[in-house]
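Residue strings, one per chain:
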Amino acid sequence: MSDPTPPKPADDPRTTAPSERPRRGSGWLSKIAPGVRSLVQRKDTPDNLWVKCPETGEMIYRADLDAAMWVTPSGHHMRIGPGLRFQYTFDAGRYDSVTAPGVREDPLGFVDQKPYPERLSAARKATGARDTVAIGFGDIHRTPAVAMVQDFAFMGGSLGMAAGEGFIKAAETALERDAPLVAFTAAGGARMQEGALSLMQMARTTLAIQQLKAARLPYVVVLTDPTTGGVTASYAMLGDVHLAEPGALIGFAGPRVIEQTIRETLPEGFQRSEYLMDHGMVDQVVNRRELPQRLGAVLSILMQGRNRKAA
Amino acid sequence: MSTPTRHYLDFERPVAEIESKLDELAKLSASHEPGVFDAEIEALRGRAERFRRDVYGRLDPWQKTQVARHPDRPHLGDYLRGLVEDFVELRGDRVFGDDQAVVGGLGRFRGTAVAVLGHEKGRDTETRLKHNFGMARPEGYRKAVRLMDLAERFGLPVLTFVDTAGAYPGVGAEERGQGEAIARSTERGLTLGTPMITTITGEGGSGGALALAGANKVLILEHSIYSVISPEAGSSILFRDRAQAAHMARSMKITAQDLIGLKIVDCIIAEPTGGAHADPAAAIAAVGDVIEDELKALSMLTAEGLRQQRAERFYAIGRSFG
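This one's a predicted model, so the numbers in the text were calculated from it and none came from an experiment.

Caption draft 1: Focus on the overall build of chain A. Check the secondary structure of chain A and you find 10 helices and 9 strands. Classification of the 311 residues of chain A by burial places 55% in the buried group. Counting contacts in chain A only where the partners sit at least 6 residues apart, residues at least 24 apart contribute 69% of the total.

Below is the structure:
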């Protein structure tokens, strides 16, 4: 299982994308002591006009990055959350949100360096979401589909009970609407704070996929950076079709764990999307801008075949 | 009788001392009149027994982790010898190779034709290397899928035995699709049209364990563990330090006694005093008895009924207390 620690804000457009979270630029602190505020938030303020490319270090004007769907000039696909993902994926950015059912919180009373409920509330405050999975229903290049998006900014996208129920709900929604399911995966792995209850989500999500299979509804996975651990060992690898964004880290064991095991530095490009495609685990590596069209083609062809067979 | 290869865990040290005294007495008594030390030997044996019972009656989660990993704990090979007649090992995934971290084949369990498979950790340096310490590569999980396919076609119940620290984290394993292999193996168990019973005999480590545990019934030995990540690895991620493993063992609720409350396991199989390694034959027989009962009950269900029972079982986890 790899490290589910959320990314540093600088790596993550969620903290800089205004469409994704409420702006808190004009708080009390900025009124009484503007200098102090810029001192505390100098590096990663939400108002930052410039964003650093995690790959090249290049400073990019945020409006340009926004227009480029958070793909840097070097082609680096920055991590994005559900809000932007839905906006980019559904035609005209229009979709219905589907709420995932609530789950019992902190079922084990888990404490590491911080109590789990504190980590949850911090993640909720930072993202504005209840947990890592968001569900939307809309048209993807004219084919109605359900999309499930995992948010790495929420506790490393970790798969816990809430995400498991979210995935199941997404599959059930697909069944109700007689529509395909597209899963955008991003996770460091299982949510350790829920112990074996998180492990069980690998089985539960796998069962939800069987319901789609029984109904002959397409299930397409879009692997985004990063997808590792229990997510890779369950629903991320059980798609009818696997697409991946360029350069995404995809694997079961995290690179750190492997390096510790073999005591060697890993080869360049190991566990990246292109590597997985070369090794037969991913059908295509697709640029973010082309994803809706490519998804639309896959979904509409499979749905056409299905409906013809049914007729 | 004590042997030089007997392994004692830290918390068993007082037992070790008593038993080394017993060994000395046994040697002494050989050069004396018969029966001279009988009373003393008897008393020491009683003390050792009482001590074992006491210690094993209140093991903490970290101590249980040690017991679950005890080198003398019965392994798959022991269960096969003890419970399966006419065992025919089937090797290879028909794709790339044979991974001996997962061993499986066909056999008869108390008269019933079955497919049986599980993790094997090995017992000495040579066999540990052969079985890669029970840490499977994709070929192991693909062999499991192959055996489950075969079982389904011939209507054979599947018995699995889980004992692994986890799937092997290596370059080759990743290259050949470790995640996909685990996912397919879990899926195959969950969709099986014949009964599947999993027994967690030692360590149930993460996805590598779940891959063989998508079963109708999941049984666990009294001092076994089942966990999303090893306490050590969890500690190094959450604390940046492996020293908090005992804390993690407690917090993650990994013991049989914790898991039954969460409905992650269905039944706890009692171990002999001092753990399964203290009396392997008794432990193996106890496992066999429970499997036999469960198998009898499951054989009433149709293929569809079995799939449905499995789906309901796993969907219910985490919902019942919500």
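Having seen it, we continue.
Caption draft 2: The arrangement of the interface of chain A and chain B in detail. Contact residues are listed per partner, giving 53 residues for chain A and 49 residues for chain B. The contact between chain A and chain B buries some 4300 Å² in all, and 70% of this surface belongs to carbon and sulfur atoms. Contact with chain B buries surface across chain A, with M192, L207 and F252 of chain A losing the most and accounting together for 14% of the total. If you look at where chain A meets chain B, you find 2 salt bridges. With its nearest N and O atoms 2.7 Å apart, the salt bridge here joins R319 of chain B to E165 of chain A. Linking chain A with chain B are 15 residue pairs in polar contact (both at pLDDT 80 or more), by the criterion used here. For the side of chain A that touches chain B, the secondary-structure elements that each account for two or more residues are α6 (161–177), α7 (196–214) and α8 (255–262) of chain A. Of the residues forming the side of chain A that touches chain B, the biggest block, 14 residues, is contributed by α7 of chain A. In the side of chain A that touches chain B, the residues fall into 30 nonpolar, 16 polar and 7 charged.

Caption draft 3: A look at the nonpolar core. Membership of the largest hydrophobic core comes to 111 residues, with the highest contact counts inside it found for F167, L181 and Y219 of chain A together with Y226 and I264 of chain B. Sort the elements by how many residues they give to this core and α7 of chain A lands first, with 10 residues. In this view, F167 of chain A contacts V133, M148, L181, A183, T205, A208, I209, Y219 and Y235 of chain A; residues no more than four positions away in its chain are not counted. Counting 25 residues, the second largest nonpolar core, distinct from the first, contains V114, I197, C267 and V287 of chain B.

Caption draft 4: Focus on the pattern of salt bridges. In the structure shown here, the tally under the stated rule is 38 salt bridges over all chains. In this structure, D112 of chain A and R119 of chain A form a salt bridge, with 2.3 Å as the shortest nitrogen-oxygen distance. Under the relative-accessibility criterion, D112 of chain A is labelled buried at 6%. The class for R119 of chain A is partly exposed, based on a relative accessible area of 22%. Among the charged side chains, a network of salt bridges with common partners joins K213 of chain A together with R142, E180, R184 and E187 of chain B.

Caption draft 5: Focus on the domain arrangement of chain A. All names here are of chain A. Entries for chain A in the domain assignment read domain 1 (46–78) and domain 2 (79–310). The C-alpha centroid of domain 2 is placed 24 Å from the C-alpha centroid of domain 1. Counting residues at the interface gives 8 residues for domain 1, matched by 9 residues for domain 2. Counting the surface lost from both domain 1 and domain 2, the interface buries some 810 Å², and carbon and sulfur atoms represent 55% of this. By the criterion of area lost to domain 2, the three top residues of domain 1 are M69, H77 and M78, representing 76% of everything that side buries. Across the contact surface, domain 1 and domain 2 share 0 salt bridges. At the junction of domain 1 with domain 2, the criterion picks out 6 residue pairs in polar contact (both at pLDDT 80 or more). Here the side of domain 1 that touches domain 2 is built from residues that sort into 6 nonpolar, 1 polar and 1 charged.

Caption draft 6: The arrangement of the packing of aromatic side chains in detail. Residue and element names in this part refer to chain B. Here the structure, examined in full by the defined rule, presents 9 aromatic pairs over all chains. Directly above the ring of Y168 sits R137, whose terminal nitrogen or CZ lies 4.5 Å from the centroid. Just above the ring of F314 sits the side chain of R313; from NZ or CZ to the centre is 4.7 Å.

Caption draft 7: Inspection of the pairing of strand β3 (residues 112–119) of chain B at higher detail. Residue and element names in this part refer to chain B. The buried fraction of β3 amounts to 6 of the 8 residues, a majority that puts the element mostly inside the structure. Relative to β3, strand β2 (residues 102–109) runs antiparallel, the two sharing 8 bridges. Across the sheet, the residue bridging to L106 is A115, located in β3. Between β2 and β3, which pair antiparallel one after the other, the connecting turn spans 2 residues, and R110 there sits at a positive phi close to 45°.

Caption draft 8: Representation of the confidence of the model for chain B in the model. The pLDDT averaged across chain B works out to 94; a share of 98% of its residues lies at or above 70. Predicted as a complex, the structure gets a pTM of 0.91 and an ipTM equal to 0.95.

What counts, and where the lines are drawn
- Residues numbered from 1 in each chain as written.
- Chains lettered and ligands numbered in written order.
- Predicted model: local features only at pLDDT ≥ 70, side-chain atom pairs only at ≥ 80, totals over all residues.
- Heavy atoms only, no water.
- Helix = DSSP H or I, 4+ residues; strand = E, 2+ residues; numbered from the N terminus.
- Buried < 20%, exposed > 50% of the residue type's maximum accessible area, 1.4 Å probe, protein only.
- Contact = heavy atoms within 4.5 Å.
- Buried area = accessible area lost by both parts, 1.4 Å probe.
- Salt bridge = Lys/Arg side-chain N within 4 Å of Asp/Glu carboxyl O.
- Polar contact = N/O pair within 3.5 Å; in protein donor to acceptor, adjacent residues only side chain to side chain.
- Nonpolar A, V, L, I, M, F, W, Y, C, P; charged D, E, K, R; others polar.
- Core = buried A, V, L, I, M, F, W, Y, C linked by side-chain atoms within 4.5 Å.
- Domains from an automatic or database assignment.
- Phe/Tyr/Trp six-rings, centres within 6.5 Å; stacked < 30°, edge-to-face > 60°.
- Lys NZ or Arg CZ within 6 Å of the ring centre and 35° of its normal.
- Pairing = 2+ DSSP bridges.
- pLDDT = per-residue confidence, 0-100.

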